[in-house]
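A closer look at the structure
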Amino acid sequence: MNKQLSIVGVPMDMGQMRRGVDMGPSAIRYAGMVERLQELQFDVEDLGDLYVERSQTQTDDSGPKLRNLPRVVSVCEQLAGKVDDIVSRKRFPIVLGGDHSIAIGTLAGLSKHHQNLGVIWYDAHGDLNTEETSPSGNIHGMPLAVSLGVGHPLLTNLYQDGAKIKKENVVLIGTRALDDGEKEFVRREGIKVFTMHEIDRMGMTAVMEETIAHLAHTDGVHLSLDLDALDPHDAPGVGTPVIGGLSYRESHLAMEMLAESGIITSAEFVEVNPILDERNKTADTAVALMGSLFGEKLK
C-alpha cells in the first residue's frame, strides 16, 4: 500500500435531510485519525476541509426529487479536482464525510487515473436510486448509480462525461435496506451484492475472499465505507441507522483482509454524525477501522 496518505474532509450535509453529518470530518480527526496513521509509519498530509457554503435550510429550488442539486454538484466538482490532484502526486487519497453523496466527487476524481477501477461499497444501503426511484429525493441515496452512469446529467457528467466505474467492478457488502427501484437495478445489471443474509451464512472470511477475487482484474480498488454498514450498537452516530448490521469484529476482519490483500488504492469514510452519536463512539470506530485497513496488527 502507498505509504503517502493525503486526507481531505468534506463537511457537507446537503445530500440528505438530517443536520450534523457536516461535522463528521472534525469528529474523525478528533478521534485521533492522523496520530494513528502516523504511528503506523505513514507519511500523512492533512489538506483540511473543502469549503462548503453554509445555508440555514437544506432545500432549494431544484425540486423535491433532487434536493440541493446545484450545491451538491458544486462541492463534488471541487472534491473531484482535489482527489485528481492527490493521485497525480502519487499519494493515497482518504476522504472524510460528510454524507455519502460526496462519493460522486471522489469517484469522478479517481476515474481520471483508472481505466478499470474496482469499488467496494461497504454500506447498509445500495445508494442505487435515481430521481425516478428515490422515495426521498436525497442525493446521498444515489452516488453509486450516478457513478455507474445512471441519473441526472449534472451528476453523471460531473468532472468528465459518462460513467466513472463499471458494474462488473462493484461489490456491495453489508446491504440490508434496498428500495424497490434499487432491487430492480441490482437484478437488471447483475451487480455483486453480499447482503447480511449471505454474510451470516458464509461468514465474513469467505465474503472478503470472494470480494478480493472478484476485483482481482481491476487496476485499483476504492473502498467507500458508510458507517451505517455497522450495526447501530457499534455505530450509533449515523443518519440512517438500520438494525441487524455488521459487527465491530466482522468489520475489523474485513479491513484486515483488505490490508493483507494490498488492493486498496483509495478510501472514504462517510456519514459520521456527531449530533446523533454517543461520546464520539462512531468516529472512534471509524478510526479503529482505518487502523486495521492500513495494517495495524497486535503482533
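Cut-offs applied
Residues numbered from 1 in each chain as written. Predicted model: local features only at pLDDT ≥ 70, side-chain atom pairs only at ≥ 80, totals over all residues. Heavy atoms only, no water. Helix = DSSP H or I, 4+ residues; strand = E, 2+ residues; numbered from the N terminus. Rg over C-alpha atoms; globule rule 2.2 N^0.38 Å. Buried < 20%, exposed > 50% of the residue type's maximum accessible area, 1.4 Å probe, protein only. Lys, Arg positive; Asp, Glu negative; His and termini not counted. Charge placed at Lys NZ, Arg CZ, Asp CG, Glu CD. Core = buried A, V, L, I, M, F, W, Y, C linked by side-chain atoms within 4.5 Å. Contact = heavy atoms within 4.5 Å. Pairing = 2+ DSSP bridges. Salt bridge = Lys/Arg side-chain N within 4 Å of Asp/Glu carboxyl O. Polar contact = N/O pair within 3.5 Å; in protein donor to acceptor, adjacent residues only side chain to side chain. UniProt positions renumbered as here; feature names shortened; annotations may be inferred. Axes fitted to C-alpha atoms, helices over the stretch in contact; angles between N-to-C directions.

1. Structural notes on the overall build of the protein chain
Regarding its fold elements, the protein chain presents 11 helices and 8 strands. A compact globule built from 299 residues should have a C-alpha radius of gyration of about 19 Å, and the protein chain, at 17 Å, falls within 12% of that. The principal-axis extents of the C-alpha atoms in the protein chain amount to approximately 55 × 40 × 40 Å. Relative to its full complement of 299 residues, the protein chain shows a buried share of 58%. Charged side chains of the protein chain number 28 positive and 44 negative; the gap between the two group centres comes to 2 Å.

2. Comments concerning the nonpolar core
Ranked by internal contacts, the top residues of the largest apolar core, which has 50 residues, are Tyr 122, Leu 223, Leu 258 and Phe 294. Ranked by residues supplied to this core, first place goes to helix H11 (residues 281–293) with 6 residues. Excluding its chain neighbours within four sequence positions, the residues that come into contact with Leu 258 are Ile 120, Met 208, Ile 212, Leu 223, Ile 263, Ile 264 and Leu 293. Listed in part, the 44 residues of the second largest apolar core include Leu 117, Ala 145, Val 146 and Val 186.

3. Some words on the pairing of strand E5 (residues 170–175)
Burial within E5 is extensive, with 6 of its 6 residues counted as buried. Where strand E4 (residues 118–122) and E5 come together, 4 bridges link them in parallel fashion. For Val 119, the partnering residue across the bridge sits in E5 and is Val 170. Looking at chain direction, E5 and strand E6 (residues 192–195) are connected through 4 bridges and run parallel.

4. Quick word on the pattern of salt bridges
For the coordinates displayed, the defined rule picks out 14 salt bridges. Among the salt bridges present, the one from Arg 89 reaches Glu 45, with a minimum N-O distance of 2.9 Å. Within this pair, whereas Arg 89 is found in the loop between helix H3 (69–88) and strand E3 (92–97), its partner Glu 45 is found in strand E2 (residues 43–49), the two being separated by 44 residues in sequence. Taking relative accessible area as the criterion, Glu 45 reaches 23% and is therefore assigned partly exposed. Its salt-bridge partner being Glu 256, residue Arg 249 comes within 2.7 Å of it at the nearest N-O pair. What makes Glu 256 partly exposed here is its relative accessible area of 24%.

5. Looking at the environment of His 113
Relative to the helices and strands, His 113 resides in the loop between helix H4 (103–110) and E4. We classify His 113 as partly exposed; its relative accessible area is 31%. Between the C-alpha atoms of His 113 and Asp 84, which are 29 residues apart in sequence, the distance is 7.7 Å. In this structure, His 113 is in contact with Asp 84, Val 87 and Ser 88, ignoring residues within four places of it in sequence. Of note is the side chain of His 113, whose polar atom sits 2.6 Å from the side chain of Asp 84.

6. As for the UniProt feature "binding site: Mn(2+)" (unreviewed entry) in the protein chain
Taken from the UniProt record, the annotation "binding site: Mn(2+)" (unreviewed entry) applies to His 100, Asp 123, His 125, Asp 127, Asp 226 and Asp 228. Across 129 residues in sequence, these annotated residues keep their C-alpha atoms within 12.3 Å of one another, forming a single compact spot. Relative to the helices and strands, His 100 resides in the loop between E3 and H4. Residue class for His 100 comes out buried when judged on its relative accessible area of 0%. For His 100, the contacting residues outside a window of four places in its chain are Trp 121, Asp 123, Asp 127, His 140, Pro 143, Ser 224, Asp 226, Glu 268, Val 270 and Glu 271. Classification of His 125 by relative accessible area gives buried; the value is 16%.

7. Here we look at the environment of Gln 38
Secondary-structure assignment places Gln 38 in helix H2 (residues 33–39). Judged by its relative accessible area of 40%, Gln 38 falls in the partly exposed class. Separated by 33 residues in sequence, Gln 38 and Leu 5 have C-alpha atoms that sit 9.8 Å apart.

8. Let's talk about the sheet that holds E6
The 8 strands lie next to each other as E2-E1-E3-E8-E7-E4-E5-E6, forming an open sheet whose pairing is parallel. Looking along the sheet, the strands with just one partner apiece sit at the ends: E2 and E6. If you compare each strand with its neighbour and ignore which way they point, the axes differ by 15° on average. Those strands touched by helix H10 (residues 248–261) are E4, strand E7 (221–226) and strand E8 (264–270), and its axis lies near 165° from that of E4.

9. Points about the side chain of Ser 266
Among the structural elements, Ser 266 can be located in strand E8. A distance of 2.9 Å separates a polar atom in the side chain of Ser 266 from a polar atom in the side chain of His 222. With residues near it in sequence (within four places) discarded, Ser 266 still touches Phe 92, Pro 93, Leu 110, Val 221, His 222 and Leu 223.

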